[in-house]
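A closer look at the structure
Each chain is listed here by its residues.
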Amino acid sequence: MKNVIISADCDKKVFAVPDPVADSLSDYCTEFCDKWLQSNPDAKKHRKAFGILYNEDDFIEYLNTWIFPDIKSVLIKNLGNINYNNIPAEYSDCPRFNF
């Protein structure tokens, strides 16, 4: 497990995710947004009349339920609404993705 920082709104959240996700974070996030949310029947709850509604917790649910059900991703810390220039040193090298 490796730490990553993801954000779908203002808060930046640190999650421990399986190594392959951390090593290719952009690829997993893009697959989630551009393919899974758009067409998978299991993502129907996210499709609204005005568009697709989701956040970083939904991405973690996707990982835990469909991609890595035997290796659960977990929230480590909510860093709050901070600029990436102010990431604490212990998380400064973590892969990042903004939805």
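In this report, the structure presented in the accompanying data block is examined. (Residues numbered from 1 in each chain as written. Predicted model: local features only at pLDDT ≥ 70, side-chain atom pairs only at ≥ 80, totals over all residues. Heavy atoms only, no water.)

Quick word on helix α3 (residues 56-67)
We apply this condition: When a residue's accessible area, from a 1.4 Å probe over protein chains only, is under 20% of the maximum for its type it is buried; when over 50% it is exposed; and in between it is partly exposed. Under the scheme used here, helices are H or I runs from DSSP no shorter than 4 residues and strands are E runs no shorter than 2 residues, and both carry numbers assigned from the N terminus. Contact definition: two residues touch when any of their heavy atoms are within 4.5 Å. Throughout this description, a polar contact denotes any pair of N or O atoms lying within 3.5 Å of each other; where both atoms belong to protein, one of them has to be capable of donating a hydrogen while the other can accept it, and for residues adjacent in sequence the pair is counted only when both atoms sit in side chains.
Among all positions in α3, only Glu56, Asp58, Phe59, Ile60, Tyr62, Leu63 and Asn64 are buried. Along its buried surface, α3 packs onto β1 (2-7), β2 (12-17), α1 (19-23) and α2 (25-39). Its side-chain oxygen 2.9 Å from the backbone nitrogen of aspartate 57, asparagine 55 forms the N-cap of α3.

Describing the pairing of β1
Quick reminder of the rule: By definition, two strands form a pair when at least two bridges between them are found by DSSP.
Across five bridges, the pairing between β1 and β2 is antiparallel. Looking at β2, one finds that lysine 2 is bridged to valine 17. Strand direction decides the pairing type here: β1 and strand β6 (residues 96-98), joined by three bridges, are parallel. Paired with isoleucine 5 across the strands is arginine 96, a residue of β6.

Here we look at the pattern of salt bridges
So the rule is basically this: By convention in these notes, a salt bridge is any Lys or Arg side-chain nitrogen within 4 Å of a carboxyl oxygen on Asp or Glu.
By the definition in use, this model includes five salt bridges. The salt bridge involving lysine 13 is made with aspartate 57; its shortest N-O contact spans 3.5 Å. Placement of lysine 13 in strand β2 and of aspartate 57 in helix α3 is noted, with a sequence separation of 44 residues between them. We classify lysine 13 as buried; its relative accessible area is 12%. Judged by relative accessible area, which is 37%, aspartate 57 ranks as partly exposed. In this structure, the salt-bridge partner of lysine 35 is glutamate 31, at a minimum N-O distance of 3.7 Å. Taken together, the residues span about one helical turn, with lysine 35 and glutamate 31 both in helix α2 at a distance of four residues. It is possible to trace a salt-bridge network through shared partners that takes in Lys13, Glu56 and Asp57.

Focus: the side chain of lysine 13
Within the structure, lysine 13 has its side chain in polar contact with the side chain of aspartate 57 (distance 3.5 Å). Sequence-distant contacts of lysine 13, that is, excluding residues within four places in its chain, are made with Val4, Ile5, Ile6, Glu56, Asp57, Leu75, Lys77 and Asn78.

Concerning α2
Quick note on the threshold: Every helix has an expected span of 1.5 Å times one less than the residues it contains. The term bend refers to the angle at a residue between two fitted axes, each drawn through seven residues, those ending there and those starting there.
An ideal rise of 1.5 Å per residue puts 21 Å on 15 residues; α2 measures up with 21 Å between its terminal C-alpha atoms. At phenylalanine 32, α2 shows its largest bend, some 35°. Taken together, the buried positions of α2 are Leu25, Cys29, Phe32, Cys33, Trp36 and Leu37. Elements that come into contact with the buried residues of α2 comprise β1, α1, β3 (47-48), β4 (51-52), α3 and β6.

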